[in-house]
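The lines below spell out each chain.
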Amino acid sequence: MAKLILNRLSKTFDTGGRPAVHDVSLTVREGGFLALLGPSGCGKTTVLRMIAGFEQPTDGSILLGERVLADANDMVPPESRNMAMVFQSYALWPHMSVADNVGYPLKVRGISGEKRQAKIREALAAVRLGAYAERRPADLSGGQRQRVALARCLVTEPDVVLLDEPLANLDRHLRQEMEETFREFHARSGATMIYVTHDQAEAMALATDVAVMSEGRLLQIATPEEIYARPEGRLVGGLVGLGAILSLPSPAGDMRVLDWQAMLAALAAGSEGPKADILVRPQDVEIAPEGAPATVRSVLFEGERYALRLALPDGQALRAFSRHPVKVGADVGVVIRSAWRL
Amino acid sequence: MTRSRNRGNSQPRWLFPFVVTVIFFLSVLPLGRLAVTGISSALQGRTAELLADAAVWRAVYDTLTTSFFGMIAAVVLGGGFALLLTLFDIRGKTALGFLFMLPTMIPPQVTALSWIGMTGPSSALLKALGLAPPLGSPQPLYSVSGIALLYGVQNAPLVYLSLRAGLLALPRDGVEAARLAGASSWQVLKDVILPLSLPGFAAGAAIAFVSCVGNFGIPAILGIPASIYTLPTLIYAKFATFNSGTFGDVSVLSAMIAILSIVGLTVEERVLRGRDYRVIGLSGQVAVFRLRNWRWLAECTLSLTIFLILVMPLTALVASSLAPAYGVPLSLSTVTFHAYEEILFRQATTRTAFTNSIALSIGTALGLLVVTVLTGYFIVRGKSRFAPLISALTEIPYALPGIVLAVAFILLFAAPIPIVGVSIYGTIWIILIAYFSSFFAVSLKPVVSAFRQLDPSLEEAARLSGARFGRRLADIVVPLVAPAAGASVILVFLIACNELTVSALLWSAGTQTLGVAIYNLDDSGSFNLASALSVLVVVMVVAMMLVLELMAKRLPKGVVPWRS
């Protein structure tokens, strides 16, 4: 195993139009778990399919360690890449039993007999489906099918495991359970994993690194903590975590973490001068009489707290949490403890 | 060179050349050869001579009139059945639909024989019932109107299918909206449904016309005794009196048929292209109108029609096959299975015909399956910009009348094959190759629809599992398209086994097919033997159609031609 390197990867489809993927460079360390996050149509699935070998890049290259997997001239076909993938549709073969589905990669590699059976048993036990070996995929529930697909990835000890929105078709309860299974799978196999999703909570919960894409470009790649605390640019700020983006007069200096003093100054500065985008997370907003004036637009009870939508005097929206109920339309004061200039 | 290298495509490098070679030999080469002979004959001035021949214009005239009236009959019959069975609450729809579709799968020469057995002074059935006209009175079907009527019966299912597909695609909410707007059932039918179903009518009529123009079995049996020639039978007659100019003449005559067919097919395509509005709204579920007091009348009419166009002729066919000799009255004391005994155990020619037809059909069905699985894979998965062109080229030989294709293959193989120096003309191989070409589209269609339904990720998962092309095909792709492949084999077998038009021109001693055997038996006056053989053919057709009917639920939509 080795690290996976995407080097200035681009892909333009024959149908023309703008490139589906444009100049994407990133490195996934060995055993890393990368989430490719972005809205639908941002090119994340195309990146995944290029890594798998289903699409050939039109520019740039893909390397696994020293080995060039693909560039614009040549590529290693998917069947010789030693990768595995969990498809959004699971892609289980309906005419084979669960055990045959899981054991197929071994069969192709010429592993037979007791050795194959043992590996199949082991893989099915890892996803807790040992009792289902002789069933057909059609007889399984969505979550079980997902686990069969995962077991199929497990048997051959692949260098890279690719997951294409694997939770998109599952209900919320099942998602949490599957997230747990994925984490377990990652810890157990030590494989490099790449996980495509449009759900930022999923990406943050699972991955060791998150790469945010939009319109074919890579916007930022960092650890979940980093990308939450220090997003680069408006798109990433809007996509990752809850929060409101305020457009305020640019605070002096190149400070990016803004405290209440700086925010107070910016809020009071009026509408003159160059603007900056400032991300305010709801947990950093306190309802306090001494704060800046704001009006409550809506209140949503979430169980452990109230989620508020507020409006500043100039109409810009702000989100906050409150432990106590607040009336819609009430005028309150807000103190912004911390903010991040995008 | 780098562009043609594996660009994420799942197909091996040899697949594209393979498909191109197959298409070249089965479609481009024979049709090209036909065109070259036609053009060179035209340049040598033979065409002028041919076109000065009054018999040719007589044949063109008779082809057009029989086809036109045949088309009208098909539209009336097929349109009536489609409207009544699709829009109204008729009981026993499935059975009526299946029975109505039968004539299209029964070989035309068998249809013609069964109708002859039903009418005229020598009808065993009419004699048994004491209804036969006096001896010496003419057989009414040996006429232009007789041919047209049988064209209508044979091709009505084509109109039925085309119209029914259009009606099934009608938006149900459009009908419901008209109802809420206060329109009565009759007004909805007149103002909404009929205007929207016109393209289906027109397209069905166009295909029926093309099918009439290319029909050989019906005018061969009904027309030749009365010296009525259509273009296909004229080609047949030209070969019977072979001379040095025959090749040039038949290629020009084939070109005429081809042009008539292309005009018809173009009309169909144009009409259907305009049918864009059909996707608006919820479709698929047809509003069923209640007939109330009229229902029994409609059901009686439909049943009576089925009785007249299917049950009676087939009964007459059975009666003829059981009569001891043509014209002898059938009664309990004269019933004999002699004809069956004769064709199954005595006559060497019919037994050879059975062997030939079954061997040819199995060979065509299975051989084509191998080719069509690869071609279908290329068309659906290949991402090639040639895929639409290749798909169109496979359609042409099937869309053209069989007689045109047969002429093309005669021209192609009349001389020994260059380089190898072997002549396959007059052997069974020329029929096999012509069948491959003619039924390519029949075999391909179910396979392509199955491929289109197949989730590509199933194959991608196999690729990542390490399976190469052959392995994937064997382990994943073929098992998953197996039901459609099975349907494709049965369909090709069914059609090839009953085929007459292609083999009528290509057979020679020892290579006759079932269709040729039936025709020759009738031609030589052994009507009861021809009938017995036809009965066996009909039994086989019905059996195979029932098998497909039972499979239909497991097949992709559109695979079984008589279901919509």
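Residues numbered from 1 in each chain as written. Chains lettered and ligands numbered in written order. Predicted model: local features only at pLDDT ≥ 70, side-chain atom pairs only at ≥ 80, totals over all residues.

**Here we look at the domain arrangement of chain B**
Residues and elements named next belong to chain B.
Here is step 1: Taken as a whole, chain B is organised into domain 1 (10-52 + 354-511) and domain 2 (54-318).
Here is step 2: Taking the mean C-alpha position of each, domain 1 and domain 2 sit 27 Å from one another.
Here is step 3: With 23 residues of domain 1 at the interface, the matching set in domain 2 holds 25 residues.
Here is step 4: Going through the elements one at a time, helix H1 (15-43), helix H2 (46-51), helix H17 (402-413) and helix H21 (501-506) are the ones with two or more residues in the side of domain 1 that touches domain 2.
Here is step 5: Residue composition of the side of domain 1 that touches domain 2, grouped by class: 15 nonpolar, seven polar and one charged. (Domains from an automatic or database assignment. Contact = placed C-beta atoms within 7 Å. Helix = DSSP H or I, 4+ residues; strand = E, 2+ residues; numbered from the N terminus. Nonpolar A, V, L, I, M, F, W, Y, C, P; charged D, E, K, R; others polar.)

**Structural notes on the interface of chain A and chain B**
Here is step 1: Tallying the contact residues gives 23 residues for chain A and 20 residues for chain B.
Here is step 2: The set of elements that each furnish at least two residues to the side of chain A that touches chain B consists of strand S6 (83-86) and helix H2 (98-108) of chain A.
Here is step 3: Per-class residue counts for the side of chain A that touches chain B are 14 nonpolar, five polar and four charged.

**Re the pairing of strand S16 (residues 317-322) of chain A**
Residues and elements named next belong to chain A.
Here is step 1: Where strand S15 (residues 306-311) and S16 come together, six bridges link them in antiparallel fashion. Paired with Tyr-306 across the strands is Ser-322, a residue of S16.
Here is step 2: In sequence, S15 turns back onto S16 through a hairpin of five residues, with Gly-315 there showing a positive phi of about 95°. (Pairing = 2+ DSSP bridges.)

**Quick look at the domain arrangement of chain A**
Here is step 1: Each domain of chain A was delimited in the assignment, giving domain 1 (4-230) and domain 2 (244-341).
Here is step 2: On a C-alpha basis, the centres of domain 1 of chain A and domain 2 of chain A stand 40 Å from each other.

**With respect to the pairing of strand S10 (residues 217-222) of chain A**
Residues and elements named next belong to chain A.
Here is step 1: Of the pairings in the sheet, the one linking strand S9 (residues 209-214) to S10 comprises five bridges and is antiparallel in character. By the bridge assignment, Met-213 is partnered in S10 with Leu-218.
Here is step 2: In sequence, S9 turns back onto S10 through a hairpin of two residues, with Glu-215 there showing a positive phi of about 45°.

**Notes on the confidence of the model for chain B**
Residue and element names in this part refer to chain B.
Here is step 1: For chain B, mean pLDDT is 84; residues scoring 70 or higher make up 93% of the total.
Here is step 2: Within the model, pLDDT remains below 50 along residues 1-7, and this stretch shows five contacts once partners closer than five positions in the same chain are excluded.
Here is step 3: Predicted confidence is poor over residues 276-284, with pLDDT under 50, and the contacts of this stretch with residues over four places away or in other chains come to 14 contacts.
Here is step 4: Overall fold confidence for the complex sits at a pTM of 0.80, while the interface term, ipTM, reaches 0.82. (pLDDT = per-residue confidence, 0-100.)

**Overview of the sheet that holds strand S5 (residues 67-71) of chain A**
All names here are of chain A.
Here is step 1: Read from one edge to the other, the open sheet built from four strands follows the order S2-S1-S4-S5, with strand pairing classed as antiparallel. The open sheet has two edge strands with one neighbour each: strand S2 (21-28) and S5. Across the sheet, the mean angle separating the axes of adjacent strands is 20° when strand polarity is ignored.
Here is step 2: Relative to S5, strand S4 (residues 59-64) is paired through four bridges, and the arrangement is antiparallel. (Axes fitted to C-alpha atoms, helices over the stretch in contact; angles between N-to-C directions.)

**Overview of the nonpolar core**
Here is step 1: The biggest cluster of nonpolar side chains holds 250 residues, and the ones touching the most others in it are Leu-36, Ile-194 and Tyr-195 of chain A together with Val-407 of chain B.
Here is step 2: The element best represented in this core is helix H18 (residues 428-453) of chain B, accounting for 15 residues.
Here is step 3: Contacts of Tyr-195 of chain A, omitting those with residues within four sequence positions, involve Phe-33, Leu-34, Ala-35, Leu-36, Leu-163, Leu-206 and Ala-207 of chain A.
Here is step 4: Listed in part, the 23 residues of the second largest apolar core include Leu-246, Leu-258, Ala-294 and Ile-336 of chain A. (Core = buried A, V, L, I, M, F, W, Y, C linked by C-beta atoms within 7 Å. Buried ≥ 20, exposed ≤ 12 C-beta atoms within 10 Å, placed from the backbone.)

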